[in-house]
Amino acid sequence: MKLVVAITGASGSRLGLKLIQNLPSNVEVHAVISKSAKKALKLEENINIKDLISERENSFIYKETQIEAPISSGSFKTDKMIILPCSMNTLAKCAVGISDNLITRAFTVMLKENRDIILAPREMPYSSIALENMLKLSKLGVTIAPPTLAYYSKQDSLEMMEDFMIGKWFDLLKIDHNLYKRWE
């Protein structure tokens, strides 16, 4: 599988990194990290992104300004895309078709090629505008899956909560995992 992972500047950008780190080695990752995501990770976590992702084999990292990257073309075969977290700015651009950076360009390509896309908006509460944008994208076949906790899996730490959410996104991406205990 070739998976596009876009990390935008919403709070919780570490979830995008953790998703990449937990992917099986047979998944080819094409990651795009926005400048805002890099800033959020530095402010929230004091994390240097390049060090974390470049350690993973079978991965490619692009700058959001690299509109010539392979993932900006429909002729480059990718299977799925997740934008995690998805800022309200990126959500709005996706909803109206603005392709002004590699993240929104890759989204537009995935949409026109009818490939699987997941957006994980990270905001609370949602404005009416954001909800309208999510509804519009959902009607176009985009899966809207914000980071939402569940309590039946008895998470008792932040790491377990993150594992649960990443496991749910893996379920949507049809990637096998054992990140959380399933309901029996």
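S.K.: Hey, could you go over the overall build of the protein for me, with residue numbers and the actual values?
M.R.: A count of helical and extended segments in the protein gives seven helices and six strands. Going from N to C terminus, the protein has its helices and strands arranged as β-α-β-α-α-β-β-α-α-β-α-β-α. Its C-alpha atoms give the protein a radius of gyration of 15 Å, near enough to 16 Å, the size a compact globule of 184 residues would have. Along the first, second and third principal axes, the C-alpha set of the protein runs to 45 × 40 × 35 Å.

S.K.: So what's going on with the sheet that holds strand β1 (residues 2-7)? Residues and values would help.
M.R.: Hydrogen bonds between backbone groups are what pair the strands of a sheet, and the pairing can be parallel or antiparallel. An order of β3-β2-β1-β4-β5-β6 is seen for the six strands of this open sheet, with the pairing classed as parallel. Every interior strand has two partners, whereas the edge strands, β3 (59-63) and β6 (143-144), have only one. Helix α1 (residues 14-22) contacts β1, β2 (28-33) and β4 (80-86) of the sheet and is inclined by roughly 160° relative to β1. Strands in contact with helix α7 (residues 158-173) are β1, β4, β5 (116-121) and β6; relative to β5, the strand with the most contacts, it is inclined by about 160°.

S.K.: Give a description of unusual backbone geometry that names residues and reports values.
M.R.: With an omega of -10°, the peptide bond between L84 and P85 qualifies as cis. Here P85 is to be found in strand β4. Positive phi outside glycine occurs at N114, with the angle close to 55°. Note on placement: N114 falls in the loop between α5 (102-112) and β5. Owing to a relative accessible area of 71%, N114 belongs among the exposed residues under this scheme. Of note in the backbone geometry, K174 takes a positive phi value of approximately 60° without being a glycine. Mapped onto the secondary structure, K174 falls in the segment after α7.

S.K.: Can you lay out the state of the cysteines for me, pointing to particular residues and giving the numbers?
M.R.: Per the stated rule, a full pass over the model turns up zero disulfides. The thiol of C86 is unpaired, and the distance to the nearest cysteine sulfur, on C94, comes to 5.6 Å.

S.K.: Can you tell me about the pattern of salt bridges, naming the residues and giving the values?
M.R.: Applying the stated rule across the entire model yields ten salt bridges. Between R14 and E162 there is a salt bridge, with its nearest N and O atoms 2.7 Å apart. With R14 in helix α1 and E162 in helix α7, this pair connects stretches of sequence that are 148 residues apart. Overall, R14 belongs to the partly exposed group, its relative accessible area being 27%.

Reading the values: rules and limits
- Residues numbered from 1 in each chain as written.
- Predicted model: local features only at pLDDT ≥ 70, side-chain atom pairs only at ≥ 80, totals over all residues.
- Heavy atoms only, no water.
- Helix = DSSP H or I, 4+ residues; strand = E, 2+ residues; numbered from the N terminus.
- Rg over C-alpha atoms; globule rule 2.2 N^0.38 Å.
- Pairing = 2+ DSSP bridges.
- Contact = heavy atoms within 4.5 Å.
- Axes fitted to C-alpha atoms, helices over the stretch in contact; angles between N-to-C directions.
- Buried < 20%, exposed > 50% of the residue type's maximum accessible area, 1.4 Å probe, protein only.
- Disulfide = S-S within 2.5 Å.
- Salt bridge = Lys/Arg side-chain N within 4 Å of Asp/Glu carboxyl O.

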